Amino acid sequence: MQPARVKHPKVHKGNLKTKATRGTYLSFGSFGLKAGESSWIKANQLEAARRVMTRFVSRGGKIWMRVFPDKPRTNHGGELGMGGGAGTLDHFVAVVEAGKIIFEIDGLPEDQARKALTLGSHKLAIKTRIVKR
């Protein structure tokens with residue numbers, strides 16, 4: 001999961017806000033996974049969470065992903081000295097502030113939806129909680 005094109009492959013780190021002001025309410029589904037802390041989430045973590053939830057839901061419900069990894073991150077090798085610039089493009093991250101809805105799910109009974117969101121939350125490296133409409 002990554003953007004089709006990137007205009008600027010090396011961007012500033014930015015400053016994570018403590019709380020989200022947008023994307024804090026459920027818009028599509030009946031249940032959602034809400035971030036409990038501000039962090040970057042890698043694209044492969046989001047994809048792993050999406051896959052495990054989709055596999056659990058099978059054909060029963062629908063899943064929406066409310067964040068997208070569009071911030072490029074660079075990386076140097078482990079044995080390089082200081083200096084030398086930013087390094088090459090390595091992976092993409094999604095900037096997630098505390099309180100932002102990451103996933104939404106609908107079309108399932110509450111116990112199944114909670115189980116699917118719990119499975120997805122285990123794949124993410126941040127604290128999350130399940131919210132319902």
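Use the structure listed above.
Remember, it's a predicted structure, so these values are computed and weren't measured experimentally.

A. Spotlight on the side chain of Glu 104. Mapping Glu 104 onto the fold places it in strand E6 (residues 101-106). Glu 104 gets classed as buried once you look at its relative accessible area, which sits at 0%. Here the side chain of Glu 104 touches Ser 27 through a polar contact of 3.0 Å, landing on its backbone nitrogen. For Glu 104, the contacting residues outside a window of four places in its chain are Tyr 25, Leu 26, Ser 27, Phe 28, Gly 29, Phe 31, Gly 32, Lys 62, Ile 63, Trp 64 and Arg 66.

B. The layout of surface pockets, seen in detail. Considering only enclosed or pocket space, the largest pocket measures out at about 220 Å³ in volume. What lines the largest pocket is simply Lys 17, Thr 21, Arg 22, Arg 66, Val 67, Phe 68, Asp 70, Ala 94, Val 95, Glu 97 and Lys 100. Looking at the lining of the largest pocket residue by residue, the class counts come to 4 nonpolar, 1 polar and 6 charged.

C. Structural view of unusual backbone geometry. A positive phi angle is found at Ser 58, which is not glycine, with a value near 50°. Examined against the element boundaries, Ser 58 turns out to sit in the loop between helix H1 (43-57) and strand E3 (62-65). A relative accessible area of 56% means that Ser 58 is categorised as exposed.

D. Layout of helix H2 (residues 110-121). For H2, built from 12 residues, the straight-helix expectation of 16 Å at 1.5 Å per residue is met to within 8% by its first-to-last C-alpha distance of 16 Å. Those residues of H2 that sit buried are Ala 113, Ala 116, Leu 117, Gly 120 and Ser 121. What you see down the axis of H2 is that its buried residues fit within an arc of 135°, all on one side. Against the buried residues of H2 lie strand E1 (31-35), H1, E6 and strand E7 (128-132).

E. How the structure looks around the side chain of Arg 73. Its location among the elements puts Arg 73 in strand E4 (residues 71-75). Asp 90 provides the closest opposite charge to the buried, salt-bridge-free Arg 73, at an N-O distance of 8.6 Å. For Arg 73, the residues in contact, after removing those within four places along its chain, are Val 11, His 12, Lys 13, Trp 40, Thr 88, Leu 89, Asp 90, His 91 and Val 93.

Analysis parameters
Residues numbered from 1 in each chain as written. Predicted model: local features only at pLDDT ≥ 70, side-chain atom pairs only at ≥ 80, totals over all residues. Heavy atoms only, no water. Helix = DSSP H or I, 4+ residues; strand = E, 2+ residues; numbered from the N terminus. Buried < 20%, exposed > 50% of the residue type's maximum accessible area, 1.4 Å probe, protein only. Polar contact = N/O pair within 3.5 Å; in protein donor to acceptor, adjacent residues only side chain to side chain. Contact = heavy atoms within 4.5 Å. 1 Å grid on protein atoms, 1.4 Å probe; cavity = no way out; pocket = protein on both sides within 12 Å on 5 of 7 lines; lining within 4 Å. Points joined across faces, edges and corners; volume = space filled by probe spheres on them. Nonpolar A, V, L, I, M, F, W, Y, C, P; charged D, E, K, R; others polar. Expected span 1.5 Å × (residues − 1). Arc of directions from axis to C-beta. Lys, Arg positive; Asp, Glu negative; His and termini not counted. Salt bridge = Lys/Arg side-chain N within 4 Å of Asp/Glu carboxyl O.

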